Amino acid sequence: MSRALLIARRELRAYFRSPLGAVVIASALLLDGILFYWRSLSQRLLSGEALAEYFWWTSGVTITAALFLSMRLVAEERQTGTFTLLNTSPLREWEIIVGKYISVWCMVLLLTLLSVYMPLLLLVNGKVSFGHIVTGYLGQLLIGGAAAAIGLFASTLTRSQLVSIVVGAAIVVVMLVFWVLAQAIDPPLNKFLAAAALHHANFRPFQFGILELGATAYYLSVAYLFLLGAVKILEARRWR
Amino acid sequence: MAVESEQAPAPAPKLAGSASAAARGGAPAWTVATYVAGLVLLYLAQRVIVTLDHVSLVLSSIGVALIIAATVVRFLPQFRGQGDRASIEKLFGALSLLGLFGVLVYFISSPTGQDWLGIARLGVKSRERVETLLLISWVTLIAVSVIPMLFAEVALSSMRRAPHLEARRVRAAAASGLALALAAAYCSLFVYAASETKARVDYSYFKTSEPGSSTRKMIESFTEPLKITAFFPEVSDVRMEVSGYLTELVKGVPNVELSLVDRYLEPKLAKDMKVFSDGTIVFTKGETTRTLSVGADMQAARAKLKTLDKDVQEQLYKLLRSRRIAYLTVGHGELNAPSEDEKTKGRSADIVQEIIRTQNYQIRTLGLAQPWAAKCRTTPRSCSCSARPSRSRPRRSSHCSATPTRAGGCSWPWMQTPW
């Protein structure tokens, strides 16, 4: 695990050295602010509803930011040729993937922490519970973590960062569309698709300040599955 | 023999040729494609064009035939291959059989299969348990067979024309696919089990999704069995909200049975309960039913969801207590019949009347011409009250001074407003 942390530290340093991390976080915060004003403050809503609306919109920003942050993780290494160094170092595939995942998740954490002043405004001036804010942010971190895992998986598939983000976005969109599909098809597959939808049914409890074990387990499972997929792809690359 | 085995690899070109032949041997590349095509056809026949019986049957048959054919090809002597290729073919054969077994389990889970095996004759709960088990089994079996097969085929495809076959690479690819398929199955079960625990903590400021304590007490006081049937589409935002509320409401109450059903999947039940639109909740106690319409569209139902607890409480009141009559006296300047002047000052008993109505009372007025005492004596389980605007004790009028009812009702001779 210490080797994974080493990778994580290296990646975090890379985020802060290059403009990518700062640009993505600044853009996400700008979007969050605009959405907060547009969807929450400029409408006649109760404080709790305004907060729920904020979480709903900002989750989309978190997903997008996580994809942008994770697109470079493996693809860039392959593009610049440094991946051979990683591959020949005494590191196992899962250590590489876990290390890179920790780094991108830390960036998502930083992004969410920097946006916390917006719900705090509602807490000070309105009537919302602190638990609602914490639960909403936990949801943000979970959905951001799942999106980061998808992005990392996509990054292992190709050496182009552009292709990587397109693939990652395609997977996310397909998983978002599951909910729409579930409403149109027959059981039992509709139940499966509804349960597998990345956002709608699973994020809704967090949005309203409800901490649900099922939704939490879902996001952890999605992250685990895509990270496992990324590990398996790296393992397969050793054969080439 | 030893000499033969030592001599066998001697001619180098021949070895390369035989290894190449071994790599080219085995089942052709289209076998996996045929297998997957069979599964896709079966899916389309069973899930997409179910309404067209004959087409569905034909497509299902073709799908199953393709799957069986692709499996049989794996075991034909001419496609067995040699050496490493033979072991890869065995792997593909085993995976194909596993998938075929998954298809068999799927057919067992269908209504026809359930009839044959007597599952349809089991009790409701046992049948549901068996159906869930079969559903999980066929999905897992097919995933566990198809994903490794595809992974192995991708690994093998690049070596089909190669002089040497890297069997370990193909096996590793299949193992990766198997690990992913099993992880997906495990994660699905993990999420399902976590969801089924219904473990949740509500930190929201307005707990609209939770039933109030008075509604809980009311539902606990039911001595007769109460059935709550909510008609919502299988996948709906409103269903999730209502389901959370109702589940919380009936938790730990033995006399209450809750069922959430899709109107289109249970047309007979919907017809029996006279439900003609989605988003309807029916409360049934014996022969009496009460219906509450919430709606299935979130935009339309948002307002109703905010008052869901109050509306449910109202319906439960109506089931719990038989309809009663409340007489409000008029003619003494009571607030329940305010003058225009009082109305403009906002002094009326509208809220009191609304509360009385929600307690399943029918409100009737009792004027000077109708001696209320006589009325109350003759009307069983009735009560009367008069809402007076004054702070001072009202003058006793001839019909207000009468004794309260003797037929089980009660009376409030006057009601003082707080201002």
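Definitions and cut-offs
- In every chain, residue numbers begin from 1 and rise along the written sequence.
- Here the convention is simple: chains get letters from A, ligands get numbers from 1, in the order in which they are written.
- Predicted model: local features are reported for residues with pLDDT of at least 70 only, side-chain atom pairs are reported and counted for 80 or more only, and whole-chain, interface and lining totals are derived from all residues.
- Hydrogens and water molecules were not included; the side-chain quantities draw on all heavy atoms of the structure.
- In this description, a line fitted to the C-alpha atoms serves as the axis of each element, helices being fitted only across the stretch in contact, and the angle between N-to-C directions of two axes falls anywhere from 0 to 180 degrees.
- In this text, helices come from DSSP runs of H or I with a minimum length of four residues, and strands from runs of E with a minimum of two, each type numbered from the N-terminal end.
- For this classification, under 35 degrees means roughly parallel, over 145 means roughly antiparallel, 65 to 115 means roughly perpendicular, and everything else is oblique.
- Should the near helix be turned anticlockwise from the far one by less than a right angle, the crossing is termed left-handed; should it be turned clockwise, right-handed.
- By the convention adopted, Pro, Cys, Tyr, Trp, Phe, Met, Ile, Leu, Val and Ala count as nonpolar, Lys, Arg, Asp and Glu as charged, and the other residues, Gly among them, as polar.
- When DSSP finds at least two bridges between two strands, those strands are taken to pair.
- Here a salt bridge means any side-chain nitrogen of Lys or Arg lying within 4 Å of a carboxyl oxygen belonging to Asp or Glu.
- Under the scheme applied here, a residue whose accessible area is under 20% of the maximum for its type counts as buried, over 50% as exposed, and between as partly exposed, the area being computed with a 1.4 Å probe on protein chains only.
- The residues that make up patches have over 30% relative accessible area and no salt bridge, and they are joined within 9 Å when like-charged or within 5 Å when they are Val, Leu, Ile, Met, Phe, Trp or Tyr.
- Note on areas: Shrake-Rupley, 1.4 Å probe, and residue coverage restricted to the protein chains presented here.

Chemist: Mind showing me how you'd approach the packing of helix α5 (residues 84-109) of chain B against helix α7 (residues 124-157) of chain B here?
Modeler: The geometry of a pair of packed helices is captured by two quantities: the angle between their axes and the separation between those axes. Residue and element names in this part refer to chain B. One can describe the packing of α5 onto α7 by two numbers: an axis separation of 8 Å at closest approach and a directional angle of 155 degrees. By the criterion of interaxial angle, the relationship of α5 to α7 is roughly antiparallel. Classified by chirality, the crossing of α7 by α5 is left-handed. Its residues assigned to classes, the contact of α5 with α7 comprises 18 nonpolar, 6 polar and 2 charged.

Chemist: How do you make sense of the sheet that holds strand β2 (residues 226-231) of chain B when you look at a structure like this?
Modeler: Strands in a sheet are paired, the pairing made by backbone hydrogen bonds, and the direction either parallel or antiparallel. All names here are of chain B. Strand order in the open sheet formed by 4 strands is β3-β2-β4-β5, with mixed pairing between adjacent strands. Each of the sheet's edge strands pairs with one partner strand only, and the pair in question is β3 (256-261) and β5 (288-293). Looking at each pair of strands side by side, their axes are set apart by 15 degrees on average, direction ignored. Both strand β4 (residues 280-285) and β5 contribute to a ladder of 6 bridges, which runs antiparallel. Across the sheet, T284 pairs through a bridge with T289, a residue of β5.

Chemist: What exactly am I supposed to notice about the pattern of salt bridges here?
Modeler: Under the criterion given, the structure shown has 22 salt bridges over all chains. For R200 of chain B, the salt bridge goes to E212 of chain A, with nearest N and O atoms at 3.4 Å. Taken together, the residues span two chains, with R200 of chain B in strand β1 (residues 200-202) and E212 of chain A in strand β1 (residues 210-212). According to the relative accessible area criterion, E212 of chain A is partly exposed, its value standing at 24%. Each member of the salt-bridge network shares a partner with another, and the members are R10, E11, R72, E76, E77 and K100 of chain A.

Chemist: Help me understand a nonpolar patch on the surface in this model?
Modeler: Residues and elements named next belong to chain A. The grouping of V173, L176, V177, V180 and L181 at the surface amounts to a nonpolar patch, some 380 Å² of accessible area in total. Tracing the chain through its elements places L181 in helix α9 (residues 161-184). Residue L181 is classed as partly exposed on the basis of its relative accessible area of 40%.

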